[in-house]
Structure formats: structure tokens, C-alpha cells
Amino acid sequence: MPLSVEERELFLSEPHIGALAVTAEEGRAPLTLPIWYQYALGGDLWVMTGSDSKKGRLIAAAGRISLMVDRVEPTIRYVSVEGPVVRTEAATIEQLREISTRYLSPENVEPYVQFAFKEHGDQTVYYLRPERWYSADLGSV
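Residues numbered from 1 in each chain as written. Predicted model: local features only at pLDDT ≥ 70, side-chain atom pairs only at ≥ 80, totals over all residues. Heavy atoms only, no water.

Draft legend 1. Local environment of the pattern of salt bridges. Going through the model one piece at a time under the given rule, you end up with twelve salt bridges. A salt bridge links E131 to R64; the nearest nitrogen and oxygen atoms lie 2.9 Å apart. Of the two residues, E131 is situated in the loop between β7 (123-128) and β8 (132-139) and R64 in strand β5 (residues 64-71); the sequence distance between them amounts to 67 residues. For the salt bridge of R87 with E89, the shortest nitrogen-to-oxygen distance reads 3.5 Å. The exposure class of E89 is partly exposed, given its relative accessible area of 27%. Taken together, the shared-partner salt bridges connect R64, E82, E131 and R132 into one network. (Salt bridge = Lys/Arg side-chain N within 4 Å of Asp/Glu carboxyl O. Helix = DSSP H or I, 4+ residues; strand = E, 2+ residues; numbered from the N terminus. Buried < 20%, exposed > 50% of the residue type's maximum accessible area, 1.4 Å probe, protein only.)

Rendered as C-alpha cells:
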């Protein structure tokens, strides 16, 4: 069963690991990688990645991405969104802290933020405006 607008947005706003897909080079399948993401109801979704990473270069070139999140308990459920990248910006330590807080335990946030800010190099935030939604709850098949 497809999810209602409210159900799919609530599900997407939960801290799942996303599977990001972006068009790759000619003759290649899309690049699909796990990624942390941030989403607030009714807004744009954002992801952060290395400015000079393969993922970052492909997102900048394609101008569109897809992101799928799923779970298998208590029911099998997924939400997938696709849309244009509507804004990019240099990532800030505050954004790194925000997304880290979403995924890590409180005692691990600050050590990770300090490590990542120092070691991961320049990061870029890409904002996706969801245009197409695909969702379902398959129950407990």
C-alpha cells in the first residue's frame, strides 16, 4: 500500500541511512551509496559529502539525485524521493553537528564532529527538492 503524504514525510524525517543514487559516467549504472541525510516535513532534503569526492562531483554534474530509505521492522516500508538539486553551499561545522546528532549517540557527537571537520576535508551540502515520491508499506509479509 502506498503511504499517505503525511506518512511518507514522517518516515523520511526519521533517521534512516539513505541510499543515494546519482547519474554516473556514460555507459555506467548510477552511483548508489549509503549516506546520512536531513529532512524536515514539507521542506527540502539535504545531504553532505566531500566537495571533491566522486559523489560530490557527480551530484554537481547531474544536478539531480534520488534517495531511498527503508526498514524491515515492524513492517517492510520504504520511501524514495527524486528531484533537482536546488541549492549547494559549503558545509559548516554547525551542519555537521546537526546531522551527526541525528545519527550518533549524544556522547559520540562532539568527538566525531571534531574528527570529521579536521580529517574529511571540504564538505558541500546539496539540497534536494522532492519532486517524485515512491513509497509503500508491505506489512509483515
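That shown, we press on.
Draft legend 2. Representation of the pairing of strand β6 (residues 76-90) in the model. Relative to β6, β5 runs antiparallel, the two being bridged by eight bridges. Note on β6: the bridge partner recorded for L67 is V81. If you look at the hairpin formed by β5 and β6, you'll find four residues sitting between the two strands. Two strands pair when backbone bridges link them, and β6 and β8 are joined in this way by seven bridges, in the antiparallel orientation. From the neighbouring strand, V79 faces β8, where its bridge partner is S135. Note: β6 against β7, five bridges, orientation antiparallel. Each bridged residue has a counterpart across the sheet, and for V85 the counterpart in β7 is L128. (Pairing = 2+ DSSP bridges.)

Draft legend 3. Broad picture of the packing of helix α3 (residues 93-103) against helix α4 (residues 106-119). For the pair α3 and α4, the least separation of the axes is 10 Å and the interaxial angle reads 135°. It follows from the interaxial angle that α3 and α4 lie oblique. Along this stretch, α3 crosses α4, giving a crossing that reads as right-handed. Judged by residue contacts, I93, L96, R97, S100 and T101 of α3 engage V109, E110, Y112, V113, Q114, A116 and F117 from α4. Class assignment for the residues of the contact of α3 with α4 results in seven nonpolar, three polar and two charged. (Axes fitted to C-alpha atoms, helices over the stretch in contact; angles between N-to-C directions. Parallel < 35°, antiparallel > 145°, perpendicular 65-115°, else oblique. Left-handed = near helix turned anticlockwise from the far one by under 90°. Contact = heavy atoms within 4.5 Å. Nonpolar A, V, L, I, M, F, W, Y, C, P; charged D, E, K, R; others polar.)

Draft legend 4. Examining α3 more closely. Of all the residues in α3, the buried ones are I93, Q95, L96, I99, S100, R102 and Y103. Packed against the buried residues of α3 are α1 (5-13), β3 (37-39), β4 (45-50), β6, α4 and β7.

Draft legend 5. Broad picture of the packing of aromatic side chains. Counting across every chain of the model gives four aromatic pairs. Taken together, a centroid distance of 6.3 Å and an interplanar angle of 70° make the contact between Y39 and W133 edge-to-face. One end of the pair, Y39, is in strand β3; the other, W133, is in strand β8, with 94 residues separating them in the sequence. Each of the two residues, Y39 as well as W133, counts as buried. Here W46 and Y127 contribute two aromatic rings whose centre-to-centre distance is 6.4 Å and whose plane-to-plane angle is 45°, an arrangement assigned as tilted. With a gap of 81 residues between them, W46 in strand β4 and Y127 in strand β7 connect regions that are remote in the sequence. Relative accessible area serves as the criterion here: at 7%, W46 is assigned to the buried category. R87 extends its terminal NZ or CZ atom over the ring of Y127, reaching a point 3.7 Å from the ring centre. Between R102 and the ring centre of Y37, over which it is positioned, the NZ or CZ distance is 4.7 Å. (Phe/Tyr/Trp six-rings, centres within 6.5 Å; stacked < 30°, edge-to-face > 60°. Lys NZ or Arg CZ within 6 Å of the ring centre and 35° of its normal.)

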